[in-house]
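Structural overview
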Amino acid sequence: MSVVSAVIPAWMEGARVADAVRAARAVADEVIVSDGGSTDGTAERARDAGARVVTAPKGRGPQLHAGAMAAAGDVLLFLHADVALERGARGAIDRALTDPAVVGGNFFLRFEPDVGWARVFTVANDLRRRALRIYYGDSALFVRRAVYHALGGFRALPIMEDYEFIRRLERAGRTAYLRDVAARASARRFERRPLRTLAVWAAVQSLYSLGAPPARLARLYEDAR
């Protein structure tokens, strides 16, 4: 059985980080919270909940990489602070990685509460993953530690750091899409303006694929939120 280290990037997540750590501890042997300089008690509450805390420059790319570099496990599991894996996730990871050709993978992503626009986004993400092999870090990305280091890890991009890494991961070998166990994510990022968020996500993905600089895309994404 693999030793799994969960890495949670966090910034100003004091209200939810303890729950995130407790959920991650049900899946992982080690939980690392990579804090980007929060001033709301995020680091202290993460430690109290049982996580190891490291600090990094604010930004998902640098924070994810700092957490990965501190991890001891041979499998790295990257979780957002508003994402929790369902029961059975650890077994699903172990089964997927019994195949030496599998370098990593992700989970079916379910937005909650599972009604209205959240359900639309859930279905859209599933179709996109299966048809286009496009997915992001919010779907609980996992990767063999040796593969992560061989690929150079996450880069310090202002946006799309997860997708950029995933493209390299997809070229490195086979990835597993675990659809029997869900990563449950909060719908907080789009619940106020779902149509605008959907349009911006599509625009950012398309423009990035056409070579638009991540710094410019980050301004567009921030405007949508």
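Source: prediction; values computed, not measured.

Across the sheet, 8 strands lie side by side as 3-2-1-4-7-6-8-5; this open sheet has mixed pairing. Every other strand in the sheet has two partners, leaving strand 3 (52–55) and strand 5 (83–85) as the edge strands with one partner each. Between one strand axis and the next, the sheet turns by 30 degrees as a mean value, whatever way the strands run. As judged from the 10 bridges shared by strand 6 (residues 102–112) and strand 8 (residues 174–186), these two strands associate in the parallel manner. Residue Val-102 lies in a different strand from strand 8, and its bridge partner there is Arg-174.

As a further point, take the pairing of strand 1 (residues 4–10). Most of strand 1 is tucked away, with 7 of its 7 residues classed as buried. With burial as the criterion, each face of strand 1 is covered, one bearing Val-4, Ala-6, Ile-8 and Ala-10 and the other bearing Ser-5, Val-7 and Pro-9. Summarising the sheet, strand 1 and strand 4 (residues 75–78) pair through 4 bridges and their orientation is parallel. In the strand pairing of strand 4, Ser-5 is matched with Leu-76. Note that strand 1 and strand 2 (residues 30–35) share 6 bridges and pair parallel.

Here the focus is a nonpolar patch on the surface. On the surface, a nonpolar cluster with roughly 360 Å² of combined accessible area is contributed by Trp-117, Val-120, Leu-195 and Leu-198. A relative accessible area of 39% places Val-120 in the partly exposed class.

Here the structure, examined in full by the defined rule, presents 14 salt bridges. A salt bridge links Arg-90 to Asp-94, with the shortest nitrogen-to-oxygen separation between them at 3.4 Å. You can see Arg-90 and its partner Asp-94 sitting in helix 4 (residues 89–96), 4 residues apart, about one turn around the helix. In terms of burial, Arg-90 and Asp-94 fall into one category: buried. The salt bridge involving Arg-174 is made with Asp-99; its shortest N-O contact spans 2.4 Å. One end of the pair, Arg-174, is in strand 8; the other, Asp-99, is in the loop between helix 4 and strand 6, and 75 residues separate them in sequence. On the accessibility criterion, Arg-174 (48% relative accessible area) is partly exposed. Each member of the salt-bridge network shares a partner with another, and the members are Asp-29, Arg-90 and Asp-94.

Aromatic ring pairs are described here by two measures, namely the spacing of the ring centres and the angle between the planes. Across all of its chains, the model carries 11 aromatic pairs by this definition. For the ring pair Tyr-136 and Tyr-163, a centre distance of 5.8 Å and an interplane angle of 45 degrees mean the geometry is tilted. Of this pair, Tyr-136 sits in the loop between helix 5 (116–132) and strand 7 (141–144) while Tyr-163 sits in helix 7 (residues 161–172), and the two are 27 residues apart along the sequence. Across the pair, exposure class does not vary: Tyr-136 and Tyr-163 are buried alike. An aromatic cluster is present here, built from Phe-78, Tyr-148, Phe-154 and Phe-165 joined pairwise through their rings. A cation sits over an aromatic face here: Arg-129 above Tyr-135, 4.0 Å from the ring centre.

What counts as what
- Residues numbered from 1 in each chain as written.
- Predicted model: local features only at pLDDT ≥ 70, side-chain atom pairs only at ≥ 80, totals over all residues.
- Heavy atoms only, no water.
- Pairing = 2+ DSSP bridges.
- Helix = DSSP H or I, 4+ residues; strand = E, 2+ residues; numbered from the N terminus.
- Axes fitted to C-alpha atoms, helices over the stretch in contact; angles between N-to-C directions.
- Buried < 20%, exposed > 50% of the residue type's maximum accessible area, 1.4 Å probe, protein only.
- Patch = residues over 30% accessible without salt bridge, like charges linked within 9 Å, V, L, I, M, F, W, Y side chains within 5 Å.
- Areas by Shrake-Rupley, 256 points an atom, 1.4 Å probe, with all protein chains shown as cover.
- Salt bridge = Lys/Arg side-chain N within 4 Å of Asp/Glu carboxyl O.
- Phe/Tyr/Trp six-rings, centres within 6.5 Å; stacked < 30°, edge-to-face > 60°.
- Lys NZ or Arg CZ within 6 Å of the ring centre and 35° of its normal.

All quantities given are derived from atomic positions and should not be read as evidence of function.
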